[in-house]
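Here's the letter readout for the chains.
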Amino acid sequence: MAISTKVTAQRSPGPGRFRPGRGSLAIPPLLFVLVLLLGPIIFIGLFSVGLRSNIPGASVAFTSTNWHDFLFSAGNPFRKRFAYSMEVALAVSILTTIAAFPLAYFLSFVARKHRYTYLLLLLAPFFTSFLLRVIAWQIMLNDNGVVNWLVQAIGLQPHGDPVKWLIYSNFSVGLVLFYSWVPFVALPIFAVLENMDHKLLEAASDLGASRLATFLRVTLPLSLPGVIAGFVFVLIPTTGEFITPLFVGGPNNQLFGNSIQSFFSDSPDWNYGSVLAVTLVAIVLLLMLVFGRYLNTDLRAAPSGGDK
């Protein structure tokens, strides 16, 4: 019996020893994910430096001409459009996050036992296609749409004189993006508020803090991880948005994503379009690194939830 125990102890690998096959099961899905993530980026990277071409029979050779034109040419229109797109994305992200916080607060602290019912009703319209919802907004905001009809019906605008800035403007692009993202920004904030230790709120009240003081000094700081997550959740996809400005923005309010889309659909110049696409990917990765690091710091600093 002692010999058997001794042999078993000798054969048992220590905690620091390598166990054959310990991580081998993770290798195939990891490689699959890397191929799906890095493969397209590498592919468009080859186009951006002229090592591939979509034009049959065209010569391929390394060249940085397109990169030099985009980065250093004076008055390059795509750099201006990129700056405009980042301004729109930042403005929409800030406004959406500000509007989503009261919504999440209502669901968590006011709706109480009906909060999940209200949450389902809030998300129900978003079970349909994003494209269909954008087209619906285009129909409602155009000159003959419901909004213009209502404005004229109540006398805010003369009949036959629609409000021109309701469609194909900065306003229409921002409005549709705002509508599209508010519920999804509210979700991470709602999750953080739901898992908050409510005993801290009771303690603040017992110590004589007003509701406003409790909100500013307890609720708001503890909800910052959800606020930052929601902000990043809308900022990153909005930087490459092209569907919304395509349908409600008009030719003068196109975003950087529309420029990329036009090079791959309306124009045969995939090489220049790849330069823009790689730039956008680099910016998105940079945003993820910056905000992801800050978010991880906040999550580590946030206390764990407790009983309500």
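Residues numbered from 1 in each chain as written. Predicted model: local features only at pLDDT ≥ 70, side-chain atom pairs only at ≥ 80, totals over all residues. Heavy atoms only, no water.

> So what exactly am I meant to see when it comes to the packing of aromatic side chains here?
The geometry of two aromatic rings is summed up by the distance between their centres and the angle between their planes. Enumeration according to the criterion identifies 19 aromatic pairs in this entry. Judged by centre distance (5.1 Å) and plane angle (75 degrees), the ring pair of Phe82 and Phe256 falls under edge-to-face. With Phe82 in helix α4 (residues 77-110) and Phe256 in helix α12 (residues 256-265), this residue pair connects regions lying 174 residues apart in the sequence. The pair Phe82 / Phe256 is uniform in exposure class, with both members buried. Between Phe101 and Phe215, the ring centres sit 5.7 Å apart and the planes meet at 80 degrees, which makes this aromatic pair edge-to-face. On the criterion of sequence distance, the pair formed by Phe101 in helix α4 and Phe215 in helix α10 (residues 211-239) is long-range, its members being 114 residues apart. The exposure class assigned to Phe101 is buried, which follows from its relative accessible area of 11%. (Phe/Tyr/Trp six-rings, centres within 6.5 Å; stacked < 30°, edge-to-face > 60°. Helix = DSSP H or I, 4+ residues; strand = E, 2+ residues; numbered from the N terminus. Buried < 20%, exposed > 50% of the residue type's maximum accessible area, 1.4 Å probe, protein only.)

> Help me understand the confidence of the model for the protein in this model?
Any residue range with low pLDDT should be treated as having predicted coordinates unsuitable for detailed reading. With 88% of its residues at a pLDDT of 70 or more, the protein has an overall mean of 86. With pLDDT under 50 throughout, residues 5-10 is counted as low confidence; its partners more than four residues away or in other chains account for one contact. Note that pLDDT drops below 50 for residues 304-308; the model gives that stretch 14 contacts with residues more than four away or on any other chain. (pLDDT = per-residue confidence, 0-100. Contact = heavy atoms within 4.5 Å.)

> Is there a simple way to explain the layout of surface pockets in this structure?
Any empty space left between atoms is shown by rolling a water-sized probe over those atoms. Taken as a whole, the largest pocket holds about 570 Å³ of empty space. Surrounding the largest pocket, 17 residues form its lining, Tyr105, Phe109, Arg112, His198 and Leu201 being those nearest its centre. Within the residue set of the lining of the largest pocket, elements represented by two or more residues are α4, α9 (199-206) and α10. When residues in the lining of the largest pocket are grouped by element, the largest group, four residues, is from α10. Residue composition of the lining of the largest pocket, grouped by class: five nonpolar, six polar and six charged. (1 Å grid on protein atoms, 1.4 Å probe; cavity = no way out; pocket = protein on both sides within 12 Å on 5 of 7 lines; lining within 4 Å. Points joined across faces, edges and corners; volume = space filled by probe spheres on them. Nonpolar A, V, L, I, M, F, W, Y, C, P; charged D, E, K, R; others polar.)

> Any chance you could explain the packing of helix α5 (residues 115-123) against helix α8 (residues 170-194) here in plain terms?
Packed helices, taken two at a time, are described by the angle their axes make and the gap between the axes. For the pair α5 and α8, interaxial distance at closest approach is 11 Å and the crossing angle is 165 degrees. In terms of axis orientation, α5 runs roughly antiparallel to α8. Seen along the crossing, α5 lies across α8 with a hand that is left-handed. Across the interface between the two elements, Arg115, Tyr116, Leu119, Leu122 and Leu123 of α5 pack against Pro183, Phe184, Leu187, Phe190 and Glu194 of α8. (Axes fitted to C-alpha atoms, helices over the stretch in contact; angles between N-to-C directions. Parallel < 35°, antiparallel > 145°, perpendicular 65-115°, else oblique. Left-handed = near helix turned anticlockwise from the far one by under 90°.)

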